[in-house]
There are 2 protein chains.
Amino acid sequence: MSLQADMLRIGEQARDASVFLAKASTAMKNQALAMIAEQIEKRQDQLLSANEKDVANGQEKGLDSALLERLTINPARIASMIEGVQQIIALPDPIGEISNMHYRPTGIQVGKMRVPLGVVGMIYESRPNVTLDAASLCLKSGNATILRGGSEAAHSNQAIAQCIHAGLVVANLPRTAVQVIETTDRAAVGELIKMTQYVDVIIPRGGKSLIERISQEARVPVIKHLDGICHVYIDDEADIDKAVAIAYNAKTHRYGTCNTMETLLVAERIAQRVLPLLAEKYLASGVELRGCPATQALITGITPATEEDWHTEYLAPILSIRIVPNIDSALAHIRQYSSQHTDAIVTENWTKAQRFLREVDSSSVIINASTRFADGFEYGLGAEIGISTDKFHARGPVGLEGLTSQKYIVFGDGHIRL
Amino acid sequence: MSLQADMLRIGEQARDASVFLAKASTAMKNQALAMIAEQIEKRQDQLLSANEKDVANGQEKGLDSALLERLTINPARIASMIEGVQQIIALPDPIGEISNMHYRPTGIQVGKMRVPLGVVGMIYESRPNVTLDAASLCLKSGNATILRGGSEAAHSNQAIAQCIHAGLVVANLPRTAVQVIETTDRAAVGELIKMTQYVDVIIPRGGKSLIERISQEARVPVIKHLDGICHVYIDDEADIDKAVAIAYNAKTHRYGTCNTMETLLVAERIAQRVLPLLAEKYLASGVELRGCPATQALITGITPATEEDWHTEYLAPILSIRIVPNIDSALAHIRQYSSQHTDAIVTENWTKAQRFLREVDSSSVIINASTRFADGFEYGLGAEIGISTDKFHARGPVGLEGLTSQKYIVFGDGHIRL
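Remember, it's a predicted structure, so these values are computed and weren't measured experimentally.

A. Structural context of the UniProt feature "domain: Aldehyde dehydrogenase" (unreviewed entry) in chain A. UniProt feature "domain: Aldehyde dehydrogenase" (unreviewed entry): in the numbering of this structure it lies at residues 5-282 of chain A. End C-alpha atoms of residues 5-282 of chain A are separated by 55 Å, and the span's content is 54% helix alongside 16% strand.

Below is the structure:
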């Protein structure tokens, strides 16, 4: 059978399963999730040996150590994967929630009911745990899932898929509720992102180039973020202790995450009091600093920041620093360079905090806290399937609600329109 | 200058204006709307004579009478356009609304703030009043607008645009907040729907072929509905009076609207009691009936319905009727043929009403009321810029809220992530 026919069959099966999932009760979905967690636990040895094959293949192919690290599963990771499923079981079911039912002057009652999107296509790279996370979140939100993981994790993903299928079958849900694409042919992705008749949304997770390509070529709506060029602006009316703690944490808590600060903006009236303190802490942690001329004048021996630095998501212990005259120039810098992921201000001034809140057009806008909080778990979504920097549909960390839509519902008693 | 360069300039101006509009106060936006309404009133004569030119041109080109009727503006229509703007002034400003602010265990406060989408591109056909409606809704929701009306309404649209610009200027808002594309070159639409860097959403309104083409070619997200194949299902436990009133109203209240019923499904156990009554009313109103074999057996002399009928949005006094064994077959028919716009059930049975509500996957699902209620005004949105049958972002009638997004906001007090 041709690849296209294969993909169309997968799409049609997913659409059929989605009709079933949309009406599945909360108890059924939770039972399926519990069964899946049980299967992952039971088949731990098979999972580990499948993963060993992937890691061995990866070593042979010369994958870099960061990639191998992301690829590797161990008993601790399996425990945390199972813990993740338990957390999703504990979350309230978003489906069927009725909101804002109210009477209209005509006598009809109008409101909204939360419903699944239908079929979610997930395209991701090396981490095998995404297979389980995505399948669990989609299942709880009543969506069928088509998963396409990286070829380097093929054995691990298939082993996880077997656990998922065994769990679904025990819980009397269709196997096709979660389908893992087996072929490693890249053209499968090209088909998946064009099947508008079968797929309601594509969620790509991985490197910027993967996501750019998918966004370019997709005919199906995409929930995504390309990069995280996040800013902290230390206002001249900032509390010094809070500013130092936040700017240090936002850079050094983890270097490789999308909500890590990449550029620090400092109001010139406070720079002398705050930057030397911060520079000392950064340098002690091995963070390379790149500064504008004013910053270089204040902290000797640092690299000059170029125009390119303001555009760069380092994902590394590197930080660009710019001293700005005031909040207007900070807002202008953010408008120009931010990737609209997460930006923060540190200030004690109420009016400037309110301005920052209103005028910064990013998926998360933070006052007096670290950018590192921009995360589904920290926001209380329970889990996150990705982060969106688009304004359409879901924005910011995407949890169960972002995987749903709403339909209008109307109750009458024989009402006709006059 | 090339068309592409022209369109890019328009896009860039819209993006710049959107930054300004996003922070404009409610008072400023309402003042601008009031000034625009005033200008429309003041320049009524210019508007009418511009419209006369369009109508004369249309007659020369041999446009059909329905199109000419949609194109024509008269003093009554101008009054109702002004009334529409007054209604939008009276609506609450959605922008800046903060919801769901709550403390997390870490001590940060997390919630959402409603924000504009940014730049809305509107593509529509003959009705010049859409120019004013769309501009007003977008302005109130803090969005910049790029409007592209039908070439047959070019003079009318430019006259309305002049009123809008005069109003914006008096209210100290940028003229570029609302731009009307002047060129009648079709390639302008092709450019507009691909400028993802400048345009946040495209809303096409018009015939199915226009909308299909735009959806196919757009790189920008599209809010749309293709057609309205709406169903009423009369359950065997329906109240006969309600069933007759609703099914008659849903078909005959207006024939050309997207929420008009096109197919009537009737449970076989009630068909004999309800269909002859209904047929009499329909035939008295000049509605052509097309029926399945069982319907033909019950109402003599009607046309047989073909497979194509179940797929057809007549937008005319024609109705297809199918007798089905029970609610399961009604749901199956709707799943197969509905355009997921609006579907209704008439029943006194609680459990079947709940099933219909949960299982019908349409943008409006109605119990015991006419499908004709599926409309922004009837739902209390104040006004509507279109109806969406997609599940992504806005679904059903789209008012101010559908023209907005939300960003996460976080308040801390020096909080860092541990």
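Having seen it, we continue.
B. Looking closely at the packing of aromatic side chains. For the coordinates displayed, the defined rule picks out four aromatic pairs over all chains. Ring geometry for Tyr248 of chain B against Tyr282 of chain B: centres 6.1 Å apart, planes inclined by 35°, an arrangement best described as tilted. One end of the pair, Tyr248 of chain B, is in helix H10 (residues 240-252); the other, Tyr282 of chain B, is in helix H11 (residues 268-284), with 34 residues separating them in the sequence. The ring of Tyr248 of chain A has Lys281 of chain A lying over it, and the distance from NZ or CZ to the ring centre is 4.4 Å.

C. Examining a positive patch on the surface more closely. Residues and elements named next belong to chain A. On the surface, a cluster of positive charge is made up of Arg70, Arg127, Arg205 and Arg254. Along the chain, Arg205 turns up in strand E6 (residues 201-205). Taking relative accessible area as the criterion, Arg205 reaches 32% and is therefore assigned partly exposed.

D. The relation of the copies chain B and chain A, seen in detail. Mapping chain B onto chain A calls for a rotation angle of 180° and an axial translation of 0.0 Å; the resulting RMSD is 0.0 Å. Both chain copies can therefore be described as sitting about a two-fold axis. Every residue of chain B has its C-alpha some distance from the rotation axis, and the shortest such distance is that of His393 of chain B, at 1.9 Å. When you check the interface residues of chain B against chain A, 100% turn up at the interface there too, and the contact is symmetric in its surfaces.

E. Focus on the pairing of strand E1 (residues 98-103) of chain B. All names here are of chain B. In the sheet, E1 pairs with strand E2 (residues 109-116) via four bridges, with the strands oriented antiparallel. Pairing of Tyr103 across the sheet is with Gln109, part of E2. Two successive antiparallel strands, E1 and E2, enclose a turn made up of five residues, where Gly107 displays a positive phi of approximately 105°.

F. Expanded view of the interface of chain B and chain A. Between chain B and chain A, the contact holds 74 residues from the first and 74 residues from the second. Here chain B meets chain A over a buried area of about 6,200 Å², counting both sides, of which 53% is carbon and sulfur. Across the chain B-chain A interface, the total number found is eight salt bridges. Note that Asp413 of chain A is salt-bridged to Lys242 of chain B, the shortest N-O span being 2.5 Å. Counting every contact that joins chain B to chain A gives 52 residue pairs in polar contact (both at pLDDT 80 or more). Those elements giving two or more residues to the side of chain B that touches chain A turn out to be helix H1 (3-23), E2, helix H9 (208-217), H10, helix H15 (350-359), strand E13 (364-369), strand E15 (396-398) and strand E16 (404-415) of chain B. Here the side of chain B that touches chain A gets eleven residues from one element, more than from any other, and that element is E16 of chain B. Among the residues making up the side of chain B that touches chain A, the classes are represented as 34 nonpolar, 21 polar and 19 charged. Sheet analysis places strand E13 (residues 364-369) of chain A next to E16 of chain B, joined by five bridges and oriented parallel. Along E16 of chain B, the bridge assignment pairs Ala369 of chain A with His415 of chain B.

G. Seen up close, the side chain of Lys242 of chain B. Along the chain, Lys242 of chain B falls in helix H10. Within the structure, Lys242 of chain B has its side chain in polar contact with the side chain of Glu348 of chain B (distance 2.9 Å). Excluding its chain neighbours within four sequence positions, the residues that come into contact with Lys242 of chain B are Asp413 and Gly414 of chain A together with Val346 and Glu348 of chain B.

H. Examining H15 of chain B more closely. All of the buried residues in H15 of chain B are Lys352, Ala353, Phe356, Leu357 and Glu359 of chain B. Sitting at the head of H15 of chain B, Asn349 of chain B places a side-chain oxygen 2.9 Å from the backbone nitrogen of Thr351 of chain B.

I. Representation of the sheet that holds strand E3 (residues 119-124) of chain B. Residue and element names in this part refer to chain B. Pairing within the open sheet is parallel, and its four strands lie in the order E5-E4-E3-E6. Looking at strand neighbours, the two that pair on one side only are strand E5 (178-180) and strand E6 (201-205), the edges of this open sheet. Going from strand to strand, the sheet's axes swing by 15° on average, the running direction of each strand aside. As judged from the three bridges shared by strand E4 (residues 144-148) and E5, these two strands associate in the parallel manner. Bridging across to E5, Ile146 finds its partner in Gln179. Most of the contacts of H1 go to E4, to which it runs at about 145°, and overall it touches E3, E4 and E5.

J. Structural detail: the sheet that holds E16 of chain B. Taken in spatial order, the ten strands line up as E10(A)-E9(A)-E11(A)-E8(A)-E7(A)-E12(A)-E13(A)-E16(B)-E2(B)-E1(B) in an open sheet, and their pairing is mixed. Only two strands of the sheet have a single partner each, and these edge strands are strand E10 (303-304) of chain A together with E1 of chain B. Where strand E9 (residues 288-291) of chain A meets strand E11 (residues 318-324) of chain A, four bridges bridge the pair, whose relative direction is parallel. Among the inter-strand pairings, Gly291 of chain A is bridged to a residue of E11 of chain A, identified as Ile321 of chain A. Sitting on the sheet, helix H11 (residues 268-284) of chain A touches strand E7 (230-234), strand E8 (261-267), E9 and E11 of chain A, and the angle it makes with E8 of chain A is about 145°.

K. Seen up close, the pattern of salt bridges. Inspection of the entire model under this criterion finds 48 salt bridges over all chains. With a closest N to O distance of 3.7 Å, Asp375 of chain B and Arg417 of chain A form a salt bridge. Here Asp375 of chain B, found in the loop between E13 and strand E14 (386-388), pairs with Arg417 of chain A, found in the segment after strand E16 (404-415), and the two come from separate chains. The residues Asp375 of chain B and Arg417 of chain A share a single accessibility class, namely buried. With a closest N to O distance of 3.2 Å, Arg9 of chain B and Asp6 of chain B form a salt bridge. Of this pair, Arg9 of chain B and Asp6 of chain B both sit in helix H1, three residues apart, roughly one helical turn. Judged by its relative accessible area of 35%, Arg9 of chain B falls in the partly exposed class. Exposure remark for Asp6 of chain B: the relative accessible area of 25% places this residue in the partly exposed category. It is possible to trace a salt-bridge network through shared partners that takes in Asp235, Asp236, Glu237, Arg269 and Lys352 of chain A.

Conventions adopted
- Residues numbered from 1 in each chain as written.
- Chains lettered and ligands numbered in written order.
- Predicted model: local features only at pLDDT ≥ 70, side-chain atom pairs only at ≥ 80, totals over all residues.
- Heavy atoms only, no water.
- UniProt positions renumbered as here; feature names shortened; annotations may be inferred.
- Helix = DSSP H or I, 4+ residues; strand = E, 2+ residues; numbered from the N terminus.
- Phe/Tyr/Trp six-rings, centres within 6.5 Å; stacked < 30°, edge-to-face > 60°.
- Lys NZ or Arg CZ within 6 Å of the ring centre and 35° of its normal.
- Patch = residues over 30% accessible without salt bridge, like charges linked within 9 Å, V, L, I, M, F, W, Y side chains within 5 Å.
- Areas by Shrake-Rupley, 256 points an atom, 1.4 Å probe, with all protein chains shown as cover.
- Salt bridge = Lys/Arg side-chain N within 4 Å of Asp/Glu carboxyl O.
- Lys, Arg positive; Asp, Glu negative; His and termini not counted.
- Charge placed at Lys NZ, Arg CZ, Asp CG, Glu CD.
- Buried < 20%, exposed > 50% of the residue type's maximum accessible area, 1.4 Å probe, protein only.
- Least-squares fit on C-alpha atoms with pLDDT ≥ 70 in both.
- Contact = heavy atoms within 4.5 Å.
- Pairing = 2+ DSSP bridges.
- Buried area = accessible area lost by both parts, 1.4 Å probe.
- Polar contact = N/O pair within 3.5 Å; in protein donor to acceptor, adjacent residues only side chain to side chain.
- Nonpolar A, V, L, I, M, F, W, Y, C, P; charged D, E, K, R; others polar.
- Axes fitted to C-alpha atoms, helices over the stretch in contact; angles between N-to-C directions.

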